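Below, each chain spelled out in residue letters.
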Amino acid sequence: REVVILGRSGRPLEEVMRSGKVLAGEALKLGLKYAPHTTAVPKVPITDFMNAQYYGPVSIGTPEQEFKVIYDTGSSNLWVPGENCTGCVHKKYNSSASSTFVYNGTDFSILYGSGAVRGTCDQDTVTFGGLKVKNQVFAETTAEPGLPWVVGRFDGILGMGWVQISVNGITPVFFSMMEQKLVDAGQFSFYLSAQAWPHKKTSELALGGVDPDHYTGNFSYVPVSKDGYWQIHTDSISVGNETIHANFDSVVDSGTSLLAFPLATAVRINSKLGCIDAGIECVFEACPDFSTLPDLHVTLNGKVYTLTGEDYILQVQEPGAPTQCISGIMGFPGALPENLGAILGDVFMRKYYTTFDAANNRVGFALANHN
């Protein structure tokens, strides 16, 4: 006699399994458990100025004082101008206006490629992507010598690197968010619009996951080779069929506009493009036919990431002026930090949606969706 096992619905269990509903439930559970976090992550709008400055909002204090900052994966400290900042032309933080301000007073000094800043540390509530980070130590500057800080469209910097390179060992804002369990996952992700400036769609920073609207396909991951910068091993850089450099480490840096190489390497690459060297940059007399330019290949963890001429040439158009084309390959004045071979900046991150996965010590790349 045949024995028929019934499911909870009263239907034969064999029939239920053939319908796929049992395994569909298992697939759903696996997907929820192991897939990249994609639902309801806080998203911060990023403004682009001339493909050279990407900045967005952060607020400090209670009530909130809003500032425009660069979200910089190449540094780890948050700073904004303070009330006592000499010669500062941007918005200044007023500690006396915040009910959550706590005095710290530790000296602060940090050197960037574009200039140094000095100031003192303090503590307050920082609101980032609508999430309130309590008791965050940051710096309010007293001096910002150098033209870049004067002409910049931003007020300060929000560093998103690791604590190992943080001045005074201050916990970076995103890592404070992780400690305070404000984000569902220990990762953040950048979408940088690829349209020629000034006709840009809004760029975006996702906190605590990824935004599936802004990438296609699957992520490929590269382990972080050394905590501090978002530093990853790079198999090679090649132009066309010629390998330019191999077996070195790079930094993925949202705070660097271009692709930066040691000066000799940059000159070698730019010599193949037809631009005219102008210090650390290379400028075209007239914008080239992009189809005539060689592809640039970056190989990471065995996977080749290709940039076409259209990807690595910056097209800058100011009102009333003709479009100017600049090579996205720049030479770094002097040795790169930690003897690095390259800095993969915004030129690379525009083509490839990038997720910085602190929880798993890795960086992930997927083709950005610019449709």
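Residues numbered from 1 in each chain as written. Predicted model: local features only at pLDDT ≥ 70, side-chain atom pairs only at ≥ 80, totals over all residues. Heavy atoms only, no water.

Details of the overall build of the protein
A tally of helices and strands in the protein yields seven helices and 24 strands. Counting only residues that meet the buried cut, the protein has 51% of its 371 residues in that class. Carbon and sulfur atoms make up 52% of the accessible area of the protein, which totals about 17200 Å². (Helix = DSSP H or I, 4+ residues; strand = E, 2+ residues; numbered from the N terminus. Buried < 20%, exposed > 50% of the residue type's maximum accessible area, 1.4 Å probe, protein only. Areas by Shrake-Rupley, 256 points an atom, 1.4 Å probe, with all protein chains shown as cover.)

Considering the pattern of salt bridges
Applying the stated rule across the entire model yields six salt bridges. Here K43 makes a salt bridge to D211, at a shortest N to O gap of 3.5 Å. Of this pair, K43 sits in strand β1 (residues 43-49) while D211 sits in the loop between β10 (203-207) and β11 (215-226), and the two are 168 residues apart along the sequence. Assessed through its relative accessible area of 3%, D211 is described here as buried. One salt bridge in this structure joins E242 and K272, with 2.7 Å as the shortest N-O distance. Residue E242 is found in strand β13 (residues 242-252), and its partner K272 is found in the loop between α5 (263-270) and β15 (276-278); the two are separated by 30 residues along the sequence. When its relative accessible area of 35% is taken as the criterion, K272 is described as partly exposed. In this structure, a network of salt bridges that share partners links the residues E242, R268 and K272. (Salt bridge = Lys/Arg side-chain N within 4 Å of Asp/Glu carboxyl O.)

A short note on the packing of aromatic side chains
Think of a pair of aromatic rings as described by two things: how far the centres are apart, and how the planes are tilted against each other in angle. Taken as a whole and assessed by the stated rule, the structure comprises 20 aromatic pairs. Between the aromatic rings of F188 and W230, the centroid separation amounts to 5.9 Å while the plane-to-plane angle is 90°, which identifies the pairing as edge-to-face. Taken as a pair, F188 in strand β9 (residues 187-191) and W230 in the loop between β11 and β12 (231-239) lie far apart in primary sequence, 42 residues in all. The class for W230 is buried, based on a relative accessible area of 0%. It is K91 that lies over the ring of F67; its NZ or CZ is 5.4 Å from the centre. The cationic tip of R153 hangs over the ring face of F49; the distance from NZ or CZ to the ring centre is 3.8 Å. (Phe/Tyr/Trp six-rings, centres within 6.5 Å; stacked < 30°, edge-to-face > 60°. Lys NZ or Arg CZ within 6 Å of the ring centre and 35° of its normal.)

A closer look at the side chain of D72
Relative to the elements of secondary structure, D72 occurs in strand β3 (residues 65-72). For the buried residue D72, which engages in no salt bridge, the nearest side chain bearing the opposite charge is R350, 14 Å off. Looking at D72, its side chain comes within polar contact range of the side chain of S75, at 2.6 Å. Residues in contact with D72, not counting those within four places in the same chain, are Y112, I157, L158, G159, M160, G161, D253, S254 and G255. (Lys, Arg positive; Asp, Glu negative; His and termini not counted. Polar contact = N/O pair within 3.5 Å; in protein donor to acceptor, adjacent residues only side chain to side chain. Contact = heavy atoms within 4.5 Å.)

Description of the side chain of Q53
By the secondary structure assignment, Q53 is in strand β2 (residues 53-60). Under the relative-accessibility criterion, Q53 is labelled buried at 14%. Looking at Q53, its side chain comes within polar contact range of the main-chain nitrogen of R153, at 2.8 Å. Apart from the residues within four sequence positions on either side, Q53 is in contact with T47, D48, V151, G152, R153 and F154.

Some points on a nonpolar patch on the surface
A contiguous nonpolar patch, built from V89, L147, V150 and V151 and spanning about 370 Å² of accessible area, is present on the exposed surface. Tracing the backbone shows V150 in helix α3 (residues 147-151). Given a relative accessible area of 41%, V150 falls into the partly exposed group. (Patch = residues over 30% accessible without salt bridge, like charges linked within 9 Å, V, L, I, M, F, W, Y side chains within 5 Å.)

Describing the state of the cysteines
Here is the idea: a disulfide is a covalent bond, and it sits between the sulfur atoms of two cysteines. Enumeration according to the criterion identifies three disulfides in this entry. Across the disulfide, C275 is cross-linked to C282 (sulfur-sulfur distance 2.1 Å). Judged by the torsion about the S-S bond (105°), the C275/C282 disulfide is right-handed. Overall, C282 belongs to the buried group, its relative accessible area being 0%. Put simply, C287 and C325 are joined by a disulfide, and their sulfur atoms are 2.1 Å apart. Because the sign of the S-S torsion sets the handedness, a value of about 105° for the bond joining C287 and C325 places this disulfide among the right-handed ones. Placement of the pair is C287 in the loop between β16 (281-283) and β17 (296-300) and C325 in strand β20 (residues 324-327), with a sequence separation of 38 residues. (Disulfide = S-S within 2.5 Å.)

Considering α5
Inspection of α5 places T265, A266, I269 and N270 among the buried residues, and these make up the whole buried set. Burial along α5 is one-sided: seen end-on, the buried residues are contained in an arc of 125°. (Arc of directions from axis to C-beta.)

Details of empty space enclosed by the protein
Under the criterion given, the structure shown has two cavities of 30 Å³ or more. In this structure, the largest cavity encloses a volume near 40 Å³. I46, Y54, I70, Y71, F190, L192, S254 and D346 together form the lining of the largest cavity. In this structure, the second largest cavity occupies an estimated 30 Å³ of space. As for the second largest cavity, its lining consists of V239, I269, L273, P294, D295, L296, Y312 and I329. Looking at side-chain class alone, the lining of the second largest cavity contains seven nonpolar, no polar and one charged residues. (1 Å grid on protein atoms, 1.4 Å probe; cavity = no way out; pocket = protein on both sides within 12 Å on 5 of 7 lines; lining within 4 Å. Points joined across faces, edges and corners; volume = space filled by probe spheres on them. Nonpolar A, V, L, I, M, F, W, Y, C, P; charged D, E, K, R; others polar.)

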